[in-house]
Amino acid sequence: KWSEWQTCGKNACNVELFYRYNEGLKLCEVKWDGSVNATITNNSIGYMWEGFPKDKAPEGNMFIPVQTQSHDLTLRYYPVTSDVTASHWTLTAMQGTVSQAYVCGKFIYSYA
């Protein structure tokens, strides 16, 4: 059985991150929704969310494509890194710059 949707709130560029999980199957579903209202550049680190449960986090690095009208963004999770984004979901650009866009999507992964 899936839990109810929970939110990590909006990040600094106005995108909200939600999650729910299925404890029996060890699956987690994340979804994001919002209108970007700040400039996201290559490998920017200021657009992360707080409050994601550590026991539902991915075991390794994860990159999820996020489509926009111009350049694509990436929902990224690094369990270990040398900056403040360690163990946080963050929205970043892998190439190009996005200043305004509407983004939404869902992704399911195993945390087993």
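K.L.:
Tell me about the nonpolar core, and name the residues and values.
P.N.:
Judged by nonpolar contacts, the single largest core of 29 residues is most densely connected at Val30, Trp32, Phe52, Leu73, Leu75, Trp89 and Leu91. Elements with a contribution of two residues or more to this core: strand S2 (15-22), strand S3 (27-36), strand S4 (62-66), strand S5 (73-77), strand S6 (89-93) and strand S7 (101-110). At 4 residues, the largest contribution of residues to this core is made by S3. Once residues lying within four places of it in the same chain are set aside, the contact partners of leucine 73 are Val36, Ile40, Ile64, Pro65, Val66, Thr68, Leu91, Thr92, Ala93, Val98 and Val103.

K.L.:
How would you summarise the sheet that holds S6 if you had to cite specific residues and measurements?
P.N.:
Spatial ordering of the open sheet is given by S4-S5-S6, a layout of 3 strands whose pairing is antiparallel. In this open sheet, the two edge strands, each paired with only one partner strand, are S4 and S6. The sheet shows a mean angle of 30 degrees between the axes of neighbouring strands, taken without regard to direction. One ladder, built from 5 bridges, connects S5 with S6; its direction is antiparallel. Bridge assignment links leucine 75 to a residue of S6, and that residue is leucine 91.

K.L.:
Which residues make up the sheet that holds S7, and what values go with them?
P.N.:
Strand pairing in a sheet relies on backbone hydrogen bonds. The paired strands run either parallel or antiparallel. Strands sit in the order S1-S2-S3-S7 across an open sheet of 4 strands; the sheet is antiparallel. Two strands lie at the open edges of the sheet, namely strand S1 (6-10) and S7, each paired on one side alone. For this sheet, the mean inter-axis angle between neighbouring strands, taken without regard to orientation, is 10 degrees. In this structure, S3 lies alongside S7, joined through 10 bridges in antiparallel fashion. Its bridge partner being in S7, aspartate 33 is matched across the sheet by cysteine 104.

K.L.:
An account of the pattern of salt bridges is needed here, citing residue identities and associated values.
P.N.:
Taken as a whole and assessed by the stated rule, the structure comprises 4 salt bridges. A salt bridge links lysine 56 to glutamate 23; its shortest N-O distance comes to 3.1 Å. Residue lysine 56 is found in the loop between S3 and S4, and its partner glutamate 23 is found in the loop between S2 and S3; the two are separated by 33 residues along the sequence. Salt bridges linked by common partners bring Glu23, Lys26, Asp55 and Lys56 together as one network.

K.L.:
Talk me through the side chain of threonine 74; I want residue IDs and the actual numbers.
P.N.:
Relative to the helices and strands, threonine 74 is located in strand S5. What makes threonine 74 buried here is its relative accessible area of 8%. Setting aside its immediate chain neighbours within four residues, threonine 74 contacts Phe63, Ile64, Val66, Thr90, Leu91, Thr92 and Met94.

K.L.:
Could you give an account of the packing of aromatic side chains, with specific residues and numbers?
P.N.:
As enumerated under the stated definition, the model contains 5 aromatic pairs in all. Seen from their ring centres, phenylalanine 63 and tyrosine 78 are 5.6 Å apart, and the 75 degrees between their planes marks the pair as edge-to-face. Highlighted residues: phenylalanine 63 in strand S4 and tyrosine 78 in the loop between S5 and S6, separated in sequence by 15 residues. For the pair tyrosine 77 and tryptophan 89, a centre-to-centre distance of 5.2 Å together with 55 degrees between the ring planes defines the contact as tilted. Note that tyrosine 77 is positioned in strand S5 and tryptophan 89 in strand S6, a separation of 12 residues in sequence. Judged on exposure class, the residue tyrosine 77 and its partner tryptophan 89 are both buried. Positioned above the aromatic ring of tryptophan 2 is the side chain of arginine 20, whose terminal nitrogen or guanidinium carbon lies 4.7 Å from the ring centre.

Cut-offs and rules
Residues numbered from 1 in each chain as written. Predicted model: local features only at pLDDT ≥ 70, side-chain atom pairs only at ≥ 80, totals over all residues. Heavy atoms only, no water. Core = buried A, V, L, I, M, F, W, Y, C linked by side-chain atoms within 4.5 Å. Buried < 20%, exposed > 50% of the residue type's maximum accessible area, 1.4 Å probe, protein only. Helix = DSSP H or I, 4+ residues; strand = E, 2+ residues; numbered from the N terminus. Contact = heavy atoms within 4.5 Å. Pairing = 2+ DSSP bridges. Axes fitted to C-alpha atoms, helices over the stretch in contact; angles between N-to-C directions. Salt bridge = Lys/Arg side-chain N within 4 Å of Asp/Glu carboxyl O. Phe/Tyr/Trp six-rings, centres within 6.5 Å; stacked < 30°, edge-to-face > 60°. Lys NZ or Arg CZ within 6 Å of the ring centre and 35° of its normal.

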